[in-house]
Amino acid sequence: MLSSPQRAVALGAGGGVSSRAAVISHPPRAVIAAREEPTEDDTPCEFDPGSSEEFDVSLVYGASESSARKAARLHALPFSLREPAGGAAAAPLSDAAKSQRLDALLRDLAADIQPGGAPALSTARLATGLPAVDRLLGGGFPRGRLAEIAGPLSSGRTSLALALLAETTRRGALVSVIDAADAFDPNSANAAGIDLARVLWARPLGISEALRCAEHVLNAGGFELVIVDLAFAAARERPRIPESAWPRLRKSAASTDAGLVLLTRERLAGASADLALEFAVARARFAAQPSWLEALESDMRLVRNRAGPTERAALVRFQPFAA
């Protein structure tokens, strides 16, 4: 039969130890060999099952090691595991000593520590070419963030998206239209001034496919603007959109510094949107002589803006164009 200390040492060699003792390397196999009769060099450790400290010490020293080998092993232990000299309690560290130890630890871990703080967000803007909108947004839609344009049918949300696409492609940038609503008309886009050669047009079958497509396009990089049109997507699909979809898209936009704009009837992204606009139904303005359509006017409200004030409104005027 093995004595209690020897059983503790054998248990340590097998790996079945407490979490405190698991971080200490096991003694050599010759040290933990179980012997029925101790020799004159053996100095068994007194083991109290109720004392975890003595259990840890017995695992480190080895129950059958000589006193000299125990002293050598104790000297090799980290400072935090050594017993204070004379069995006295360790004196509390001063604030200066704690600060020095913390500074030394931070220097040792410098390569593995990433400085904290708020993530740096891009301040670049994508102008729309519409003075009222650009003034309201502080220069245009922010790049690297998720924006949402919500409004009912004939409210002006599509016209604003076309103006944003035209202004972006006019500067020679690449854009993408994820058209889950199947509402993008190339002829109207061309008449609005959009350079179709710089537009990647995708036509997914539903909302889930559109969100995956948008994420792939954003992660591919190279696009300054990605517009996802979900306005006419099936209403029954909207409740099935996972909550993680919007933070994932927002993260992809931030990593590639691309402007991401959603077109919706009602707001879908919620708190994940960095900027949200809401449109009312547009009003038609006709010229007196002759009687033809002169412009469309719509009231637009800024209901969410992480980078500035909200609850501001503007009157947006859309000029007609020949398709």
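Structure: above.
Residues numbered from 1 in each chain as written. Predicted model: local features only at pLDDT ≥ 70, side-chain atom pairs only at ≥ 80, totals over all residues. Heavy atoms only, no water.

A. Spotlight on the overall build of the protein chain. Along the protein chain, the regular secondary structure elements total nine helices and 11 strands. Looking at the protein chain residue by residue over its 323 residues, the buried ones come to 38%. In the protein chain, 67% of the contacts between residues at least 6 apart in sequence involve partners at least 24 apart. When the accessible surface of the protein chain is summed, it comes to about 18,400 Å², and 54% of that surface belongs to carbon and sulfur atoms. (Helix = DSSP H or I, 4+ residues; strand = E, 2+ residues; numbered from the N terminus. Buried < 20%, exposed > 50% of the residue type's maximum accessible area, 1.4 Å probe, protein only. Contact = heavy atoms within 4.5 Å. Areas by Shrake-Rupley, 256 points an atom, 1.4 Å probe, with all protein chains shown as cover.)

B. Representation of the nonpolar core within the structure. If you look at the biggest cluster of nonpolar residues, it comprises 34 residues, and the most contacted ones within it are Phe 141, Leu 160, Leu 165, Leu 225, Val 261, Leu 277 and Met 300. For this core, the element with the highest residue contribution is helix H6 (residues 157-170), accounting for seven residues. Every residue in contact with Leu 160, bar those within four places of it in the chain, is listed here: Thr 128, Leu 130, Val 133, Phe 141, Ile 149, Leu 277, Phe 279, Met 300 and Phe 318. Ranked by size, the runner-up nonpolar core spans 25 residues in total, among them Val 217, Phe 223, Ala 233 and Ala 245. (Core = buried A, V, L, I, M, F, W, Y, C linked by side-chain atoms within 4.5 Å.)

C. Region of the structure containing the side chain of Glu 148. Among the structural elements, Glu 148 can be located in strand S3 (residues 146-150). No salt bridge forms around the buried Glu 148; measuring N to O, its nearest opposite-charge neighbour Arg 267 is 4.2 Å away. (Lys, Arg positive; Asp, Glu negative; His and termini not counted. Salt bridge = Lys/Arg side-chain N within 4 Å of Asp/Glu carboxyl O.)

D. Region of interest: the environment of Pro 204. Position of Pro 204 among the secondary structure elements: in the loop between strand S5 (199-202) and helix H8 (207-220). For the pair Pro 204 and Ile 178, spaced 26 residues apart in the sequence, the C-alpha separation amounts to 7.2 Å.

E. Structural view of the side chain of Asp 229. Of note, Asp 229 is situated in strand S6 (residues 225-229). No salt bridge is formed by the buried Asp 229, whose closest oppositely charged neighbour, Arg 157, lies at an N-O distance of 5.3 Å. Every residue in contact with Asp 229, bar those within four places of it in the chain, is listed here: Ile 178, Asp 179, Ala 180, Ala 181, Ala 183 and Leu 263.

F. Structural context of the pattern of salt bridges. On inspection of all chains with the given rule, the structure shows 10 salt bridges. With its nearest N and O atoms 2.5 Å apart, the salt bridge here joins Glu 167 to Arg 170. You can see Glu 167 and its partner Arg 170 sitting in helix H6, three residues apart, about one turn around the helix. For Glu 167, a relative accessible area of 24% gives the class partly exposed. Take Arg 170: its relative accessible area is 54%, and that puts it in the exposed class. The residue Glu 215 makes a salt bridge to Arg 248 at a minimum N-O spacing of 2.8 Å.

G. Quick look at the packing of H8 against helix H9 (residues 245-256). Taken N-terminus to C-terminus, the directions of H8 and H9 make an angle of 20°; their axes are 9 Å apart at the nearest point. One finds that H8 runs roughly parallel with respect to H9. Seen from above, H8 lies across H9 with left-handed handedness. Residues Leu 211, Ala 214, Glu 215, Leu 218 and Asn 219 of H8 pack against Ala 245, Trp 246, Arg 248, Leu 249, Ser 252, Ala 253 and Thr 256 of H9. (Axes fitted to C-alpha atoms, helices over the stretch in contact; angles between N-to-C directions. Parallel < 35°, antiparallel > 145°, perpendicular 65-115°, else oblique. Left-handed = near helix turned anticlockwise from the far one by under 90°.)

H. A look at the environment of Gly 206. With respect to the helices and strands, the residue Gly 206 is situated in the loop between S5 and H8. Under the relative-accessibility criterion, Gly 206 is labelled buried at 4%. In sequence terms Gly 206 and Ala 233 are 27 residues apart; their C-alpha atoms lie 6.6 Å from each other. The residues contacting Gly 206, other than those within four sequence positions of it, are Ala 180 and Glu 237.

I. The arrangement of the pairing of strand S8 (residues 275-279) in detail. Most of S8 is tucked away, with four of its five residues classed as buried. Sheet topology places S3 next to S8; four bridges connect them, and they run parallel. Among the inter-strand pairings, Glu 148 is bridged to a residue of S8, identified as Ala 276. (Pairing = 2+ DSSP bridges.)

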